[in-house]
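Close look at the chain arrangement
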Amino acid sequence: VQTAAAKIAVIDATYGLNGLVPEAAWQVDMLDADVMIAKAKKARELGADIVLGAMHAGDEYSSVPNPEQKSVAHALADSGQFTMIYGHHTHSVQPIEQYKGTWIVYSLGNAITELSPNYVVNNEGLLVRAQFSQGANGKWTASDLAWAPSVMVRGPYRWCSAASDAPQGPCAGAAADAATRQRTKTVVESMGAAAAGAHELLITKER
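One structure accompanies this document, and this report is about it. Note that the structure is a prediction, hence the values are computed from the model and not measured.

Quick notes on the rules
Residues numbered from 1 in each chain as written. Predicted model: local features only at pLDDT ≥ 70, side-chain atom pairs only at ≥ 80, totals over all residues. Heavy atoms only, no water. Helix = DSSP H or I, 4+ residues; strand = E, 2+ residues; numbered from the N terminus. Buried < 20%, exposed > 50% of the residue type's maximum accessible area, 1.4 Å probe, protein only. Contact = heavy atoms within 4.5 Å. Areas by Shrake-Rupley, 256 points an atom, 1.4 Å probe, with all protein chains shown as cover. Core = buried A, V, L, I, M, F, W, Y, C linked by side-chain atoms within 4.5 Å. Pairing = 2+ DSSP bridges. Axes fitted to C-alpha atoms, helices over the stretch in contact; angles between N-to-C directions. Left-handed = near helix turned anticlockwise from the far one by under 90°. Nonpolar A, V, L, I, M, F, W, Y, C, P; charged D, E, K, R; others polar. 1 Å grid on protein atoms, 1.4 Å probe; cavity = no way out; pocket = protein on both sides within 12 Å on 5 of 7 lines; lining within 4 Å. Points joined across faces, edges and corners; volume = space filled by probe spheres on them. Salt bridge = Lys/Arg side-chain N within 4 Å of Asp/Glu carboxyl O.

Counting its regular elements, the protein contains 4 helices and 8 strands. Of all 207 residues assigned to the protein, the portion counted as buried reaches 44%. Considering only contacts in the protein between residues 6 or more positions apart, those separated by 24 or more positions represent 62%. If you sum the accessible surface of the protein, you get close to 10,800 Å²; carbon and sulfur atoms cover 55% of it.

Turning next to the nonpolar core. Core analysis: the largest hydrophobic core is formed by 22 residues, its most contacted members being Met36, Leu76, Phe82 and Ile85. Elements that contribute at least two residues to this core include exactly β1 (8-14), α1 (33-45), β2 (50-56) and α2 (67-79). Considering every element that reaches this core, the biggest residue donor is α1, with 5 residues. In this structure, Val105, Leu126, Ala142 and Leu145 belong to the second largest nonpolar core, which totals 17 residues.

Of all 12 residues in strand β7 (residues 140-151), 9 are buried; the element is thus mostly enclosed. When strand β6 (residues 124-134) meets β7, the two strands line up antiparallel, connected through 11 bridges. Following the sheet pairing, Gly125 is matched in β7 by Ser150. In this antiparallel pair of consecutive strands, β6 and β7, the connection spans 5 residues, and Gly138 shows a positive phi of 90°.

At a closest axis distance of 9 Å, the pairing of α1 and α2 adopts a crossing angle of 35°. Crossing angle aside, the handedness with which α1 passes α2 is right-handed. Facing α1, whose interface residues are Ala33, Met36 and Ile37, α2 presents Val72, Ala75, Leu76 and Ser79. Classifying every residue of the contact of α1 with α2 by side-chain character gives 6 nonpolar, 1 polar and no charged.

Under the counting rule described, the total for this entry stands at 1 cavity of 30 Å³ or more. Of the volumes computed, that of the largest cavity is approximately 50 Å³. Taken together, Met55, Ala57, Gln69, Ile85, Tyr86, Gly87, His88, Ile104, Val105 and Tyr106 make up the full set of residues lining the largest cavity. For the lining of the largest cavity, the secondary-structure elements that each account for two or more residues are β3 (84-88) and β5 (102-105). Per-element tally for the lining of the largest cavity: the top contributor is β3, with 4 residues. Of the residues contributing to the lining of the largest cavity, the split by class is 7 nonpolar, 3 polar and no charged.

Moving on, we get to the pattern of salt bridges. A pair can form between side chains of opposite charge whenever their charged atoms are brought close. If you walk through the whole model with that rule in mind, you get 5 salt bridges. Of the charged contacts in the structure, one is a salt bridge between Arg183 and Glu124, with a shortest N-O distance of 2.6 Å. Linking Arg183 in helix α3 (residues 174-188) with Glu124 in strand β6, this pair joins segments that are 59 residues apart in sequence. Using a relative accessible area of 1% as the deciding quantity, one classes Glu124 as buried. With a closest N to O distance of 2.4 Å, Asp144 and Arg129 form a salt bridge. With a gap of 15 residues between them, Asp144 in strand β7 and Arg129 in strand β6 connect regions that are remote in the sequence. Take Asp144: its relative accessible area is 15%, and that puts it in the buried class.

Below is the structure:
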């Protein structure tokens with residue numbers, strides 16, 4: 001993608017296909033650090049200034065990245081080819097980590113609707129705003145990372161027709177909203193994100 005300031009490439013891959021088989025090899029890439037790194041190098045040869053790694057991986061409803069997520073994400077960062085790495089699939093928010101200068105957002109959770117309302121974490125999502133800047137050496141980095149929780153606490157996006165539908169109750173209110181936001185903050189910062197400079201995005205506070 002060519003923007004006014006830089007050309008951006010996204011290299012994505014998935015841990016699995018739920019038993020499905022692609023009709024052609026080019027339709028989907030499996031989660032393989034070496035293959036992703038090779039594609040990132042090719043993207044840079046073609047002029048990409050910013051290369052993002054997108055990982056469809058992890059254990060569903062888990063608030064911590066699994067060994068595969070960490071191993072692949074760290075390998076991508078170690079290659080020096082990726083500007084930032086982010087993930088999805090778990091239907092739950094997972095931590096943000098700065099690893100050797102590269103930001104990794106392990107899972108963005110759910111942004112639109114729940115998959116299984118029986119899990120408390122299933123109504124949590126994460127909006128991440130990354131600001132990229134170019135150094136004197138020409139290299140682009142994610143210079144500022146801010147996050148904001150997105151919480152599904154009532155319809156139409158939450159299935160909340162009966163009290164037994166979810167641990168939060170029929171349609172969670174302000175108290176459940178606040179508890180979810182605090183839980184999200186705890187998870188997001190559990191791998192040192194705040195100490196590394198990531199901060200909550202507060203539109204009412206000037207920075």
